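# Coordinate inspection notes
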Amino acid sequence: MKIAIFEAEDWEEQACASLEGRHAVRCTRAALSGATVGDFADAEVVSPFITSRLDADVIDQLPALRLIATRSAGYDHIDLSACRRRGIAISNVPDYGDATVAEHAFALLLALARNIVDSVEQTRRGGFSMARVRGFELRDKVLAVIGTGRIGRRAIEIGNGFGMRVLAYDRQEDAEAAARLNFEYGGLHAVLARADVVTLHVPSSPSTIGLIGEPEFGAMKDGVILINTARGNVVDTEALVRALAMGKVRAAGLDVLPHEPLIREEAEIFRRQTPLAASDLQGLVANHVLLRFPNVLVTPHNAYNTDAALRRIIATTLANIEAFAEGRPANIVTAG
């Protein structure tokens with residue numbers, strides 16, 4: 001098969017050499033987009049990472065495409081309807097970063113709880129006053145984990161390790177996991193109302209877009225901390241800005257934002273064939289406001305980014321490609 005690997009670092013290109021001999025493999029550092037797809041029109045398999053955007057227009061320019069082997073657990077960067085229409089399979093990497101992402105969520109939480117960024121910046125300027133960097137303990141605080149899949153359960157374990165009291169919300173409750181990991185399920189608003197810290201671990205889907213919005217912030221305690229290492233569109237950004245401005249949310253740690261591709265490369269706005277909708281422009285403005293809040297820490301969709309997790313991602317992706325080539329597809333997701 002003809003395989004194109006996008007957003008490939010040098011070490012990933014070396015790993016992909018294991019496919020050569022049986023397949024024709026091309027690697028590029030570029031993301032797959034309307035600007036780059038023309039060079040790979042004969043590809044039967046493409047392997048994108050999270051910056052690539054596989055919309056219907058891009059997919060239609062790949063007439064031989066049979067498999068999209070995304071190197072991620074999520075697949076909201078892929079037009080599922082276009083794949084279903086063409087009969088294109090999609091494989092993902094469902095289990096690579098439960099510990100990695102959950103640990104990053106707590107890194108953000110600890111940085112906020114102990115004012116780590118301000119403390120470091122102050123001492124680098126020669127200041128050693130502790131007056132403005134007093135923090136708070138996690139022990140005995142109530143942690144609300146929204147989504148109890150692999151990453152959510154690891155977050156629960158870490159919360160237990162800090163001596164936090166853990167509540168959780170999930171549309172599909174698991175009584176065995178709740179008993180084993182010592183947490184309590186509840187309705188979304190009921191869980192939010194009791195939480196000192198809310199951490200989000202749900203996938204992006206029609207049912208989770210805007211899951212945390214104005215009513216949910218209204219249900220929370222004053223002074224709550226929000227951590228989001230899931231997907232940017234799970235949170236209504238404008239509602240979050242208002243909640244921060246009013247003091248409802250004490251601080252936020254965000255590894256994800258809506259409109260990430262446009263934020264990364266704002267010139268993309270002017271390359272689009274169709275203008276941005278007013279709601280998208282409002283969202284971009286809200287994201288920029290968030291970036292400037294002193295009580296908001298934003299990391300660049302970096303929660304997955306450890307050596308161990310990345311090596312698990314490429315190993316699983318290569319196995320997915322080989323399995324598909326051999327007629328025994330693995331880790332196939334539902335297209336639409």
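Presented here is a report on the structure given in the accompanying data block.

Calculation notes
- Residues numbered from 1 in each chain as written.
- Predicted model: local features only at pLDDT ≥ 70, side-chain atom pairs only at ≥ 80, totals over all residues.
- Heavy atoms only, no water.
- Axes fitted to C-alpha atoms, helices over the stretch in contact; angles between N-to-C directions.
- Helix = DSSP H or I, 4+ residues; strand = E, 2+ residues; numbered from the N terminus.
- Parallel < 35°, antiparallel > 145°, perpendicular 65-115°, else oblique.
- Left-handed = near helix turned anticlockwise from the far one by under 90°.
- Contact = heavy atoms within 4.5 Å.
- Nonpolar A, V, L, I, M, F, W, Y, C, P; charged D, E, K, R; others polar.
- Core = buried A, V, L, I, M, F, W, Y, C linked by side-chain atoms within 4.5 Å.
- Buried < 20%, exposed > 50% of the residue type's maximum accessible area, 1.4 Å probe, protein only.
- Phe/Tyr/Trp six-rings, centres within 6.5 Å; stacked < 30°, edge-to-face > 60°.
- Polar contact = N/O pair within 3.5 Å; in protein donor to acceptor, adjacent residues only side chain to side chain.

### Quick notes on the packing of helix H4 (residues 98-113) against helix H6 (residues 150-161)
For the pair H4 and H6, interaxial distance at closest approach is 8 Å and the crossing angle is 50°. If you check the angle between H4 and H6, you find them oblique. The handedness of the crossing between H4 and H6 comes out as right-handed. Here Asp 98, Ala 99, Val 101, Ala 102, Glu 103 and Phe 106 of H4 come into contact with H6, specifically with Arg 150, Ile 151, Arg 154, Ala 155, Ile 158 and Gly 159. Its residues assigned to classes, the contact of H4 with H6 comprises seven nonpolar, one polar and four charged.

### A closer look at the side chain of His 104
Structurally, His 104 is set in helix H4. Leaving out residues up to four positions away in the same chain, His 104 has contacts with Thr 229, Asp 255, Thr 299, Asn 302 and Ala 303.

### Examining the nonpolar core
Counting residues in hydrophobic clusters, the biggest one holds 34 residues, and the most contacted among them are Ile 146, Val 198, Leu 200, Ile 212, Phe 217, Leu 240 and Leu 290. Listed by contribution, the elements that provide at least two residues to this core are strand E6 (142-146), strand E7 (165-169), helix H8 (188-194), strand E9 (197-200), strand E10 (224-228), helix H10 (237-246), strand E11 (249-254) and helix H13 (278-292). With five residues, the single largest contributor to this core is H10. Among the nonpolar cores identified, the runner-up in size contains 28 residues, and Ala 111, Ala 178, Tyr 185 and Val 197 belong to it.

### So, the packing of aromatic side chains
Under the definition given, this model contains four aromatic pairs. Judged by centre distance (5.3 Å) and plane angle (80°), the ring pair of Phe 49 and Tyr 304 falls under edge-to-face. Here the residue Phe 49 occupies a position in the loop between strand E3 (45-47) and helix H2 (56-60), and Tyr 304 occupies one in the loop between strand E12 (296-298) and helix H14 (307-325), the gap between them amounting to 255 residues. Grouping residues by exposure puts Phe 49 and Tyr 304 together as buried.

### Here's the deal with the side chain of Glu 322
As for its placement among the helices and strands, Glu 322 is situated in helix H14. Here the side chain of Glu 322 touches Arg 22 through a polar contact of 2.4 Å, side chain to side chain. A polar contact is formed between the side chain of Glu 322 and the side chain of His 23, at a distance of 3.1 Å. Every residue in contact with Glu 322, bar those within four places of it in the chain, is listed here: Leu 19, Arg 22 and His 23.

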